[in-house]
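Below are the chains, spelled out letter by letter.
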Amino acid sequence: MKIAILPGDGIGPEIIDQAVKVLNVLGESFELETAPVGGAGYAAHGHPLPENTLALAKAADAVLFGAVGDYQYDKLERALRPEQAILGLRKQLGLFGNLRPAILYPELAGASTLKPEVVSGLDILIVRELTGDIYFGQPRGVRECPDGPFQGQREGYDTMRYAEGEIRRIAHVAFQAAQKRGKRLTSVDKANVLETFQFWKDIVTDVHQEYPDVALEHMYVDNAAMQLVRAPKKFDVIVTGNMFGDILSDCAAMLTGSIGMLPSASLDASNKGLYEPSHGSAPDIAGKGIANPLATILSAAMMLRYTFDKTEQADRIETAVKSVLAQGLRTADIFEPGTTRVGTEEMGNAVVKALAA
Ligand code: IPM
Ligand code: MG
């Protein structure tokens, strides 16, 4: 069980430390190796995804990733920006299936900006396609506008595209995930405007024939955004493309009140995966010891579940997290009066202690 540990930037190293601590007390024999990525990769080797880091990630069975991005790297040319590290890893490792659960722990119902009755008990799963769409489509760039009223001016352009096989494989991931949950799948598209997503809808409909036990509905992305804040509990599993999935998953994450609680998995065809918290590098609070490590710890649990098939260990971690919440321990992002405010390290230690109990 070889795991590449890529802490990255901002709060990345602090939260990864806590997850590593948790992995180390499980009594399993993991082989952990750390490498710089993102801004840290650029600082160390002049590239956000240094060759050695990529080689390590490729050789490992799983990658535990912190977060990338920091103000000081914002002015670099795009190819050297920290975000390129995560985009490069997804593409190079073929991690096309992104699972982003949004679960509202009952103890945190008050942390949501939505009324408790709208969100309490929320448990939805967003399946986001991660290596296609307008994120990676070619051509892209800035060119001279070829026609129309702005002819001759500069224009920025990108290409939205999905190959049939790309849609089929993510549809299978989503239908199979739905089979293991509430057996309902919502495919989100923009078929009323975009050719790519009319095609998406047709292919998902076709794949559905193999999963008659799952109820499939189609929803336009604008409506899906609205329904997510209106009646989020109506969803079970949502499947969508890379860009819509980026947007909707942040929205879904915030329904739960704290993006600091949400893990994610990005899987290839053989369940090798990269696991990362759904939140970013939060450079504004980096180094202060106040970041919430639970999303990263829960990402490690997803790693045990999906890549290593260690269901029992994954359950142990999730139970330990629930227990520290039940004890009233809260990092600043989920703090409410009447609970106990703790820092990153104390929270990690509390999970370790709960694991031993
Ligand atoms: C995410 C992030 C990334 C994305 C960025 C950092 C490139 O927003 O994982 O959702 O857009 O996919
Ligand atoms: Mg995003």
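Refer to the structure presented above.
The structure contained in this document is the topic of the report that follows. Please read these numbers as outputs of a predicted model, since none were measured by experiment.

### Side note on the environment of Gln-313
Part 1 of the reasoning: In this fold, Gln-313 is placed in helix α11 (residues 311–326).
Part 2 of the reasoning: Remark: the alpha-carbon pair of Gln-313 and Tyr-162, spanning 151 residues in sequence, is separated by 37 Å.
Part 3 of the reasoning: Excluding residues within four positions of it along the chain, Gln-313 makes contact with Leu-26, Glu-28 and Leu-304.
Part 4 of the reasoning: Reaching out from Gln-313, the side chain makes a polar contact with the side chain of Glu-28 at a distance of 2.8 Å.

### Here we look at the site of ligand 1
Part 1 of the reasoning: The immediate surroundings of ligand 1 are formed by Glu-83, Arg-90, Arg-100, Arg-128, Tyr-135 and Asp-246.
Part 2 of the reasoning: Measuring from an oxygen atom of ligand 1, one finds a side-chain N or O atom of Arg-128 at 2.8 Å.
Part 3 of the reasoning: Asp-246 has a polar side-chain atom sitting 2.9 Å from an oxygen atom of ligand 1.
Part 4 of the reasoning: Bound to the protein, ligand 1 loses 73% of the 320 Å² it would expose on its own.
Part 5 of the reasoning: For the shell around ligand 1, the class distribution of residues is one nonpolar, no polar and five charged.

### Some words on unusual backbone geometry
Part 1 of the reasoning: Here the bond from Gln-138 into Pro-139 is cis, since omega is 0°, no more than 30 degrees from zero.
Part 2 of the reasoning: Relative to the elements of secondary structure, Pro-139 occurs in the loop between β5 (123–129) and β6 (141–144).
Part 3 of the reasoning: Although it is not a glycine, Asp-133 sits at a positive phi angle of roughly 70°.
Part 4 of the reasoning: Under the relative-accessibility criterion, Asp-133 is labelled buried at 0%.
Part 5 of the reasoning: One non-glycine residue, Lys-183, adopts positive backbone phi at about 60°.
Part 6 of the reasoning: Within the secondary structure layout, Lys-183 lies in the loop between α6 (164–179) and β8 (184–189).

Cut-off values and rules
- In every chain, residue numbers begin from 1 and rise along the written sequence.
- Chains carry letters from A onward and ligands carry numbers from 1 onward, assigned in written order.
- Selection of residues for local features in this predicted model requires a pLDDT of at least 70, selection of side-chain atom pairs for listing and counting requires 80 or more, and totals for whole chains, interfaces and linings are taken over all residues.
- Only hydrogens and water are set aside when side-chain values are computed; all heavy atoms of the structure are taken into account.
- Numbering of helices and strands runs from the N terminus, with a helix taken as a DSSP run of H or I at least four residues long and a strand as a DSSP run of E at least two residues long.
- Should any heavy atoms of two residues lie within 4.5 Å, those residues are considered in contact.
- Distance and chemistry together define a polar contact, namely a pair of N or O atoms within 3.5 Å, with one atom able to donate a hydrogen and the other to accept it when in protein, and with adjacent residues in sequence counting only for side-chain atoms on both sides.
- In this text, near means that some heavy atom of the residue lies within 4 Å of the molecule or strand in question.
- Here the open area of atoms and residues is found with the Shrake-Rupley method and a 1.4 Å probe, where only the protein chains shown may cover a residue.
- Under the grouping applied here, Gly and all other residues not named as nonpolar or charged are polar, the nonpolar ones being Ala, Val, Leu, Ile, Met, Phe, Trp, Tyr, Cys and Pro and the charged ones Asp, Glu, Lys and Arg.
- Note on exposure labels: buried denotes an accessible area under 20% of the residue type's maximum, exposed denotes more than 50%, and partly exposed covers the range between, all computed with a 1.4 Å probe on protein chains only.

All quantities given are derived from atomic positions and should not be read as evidence of function.
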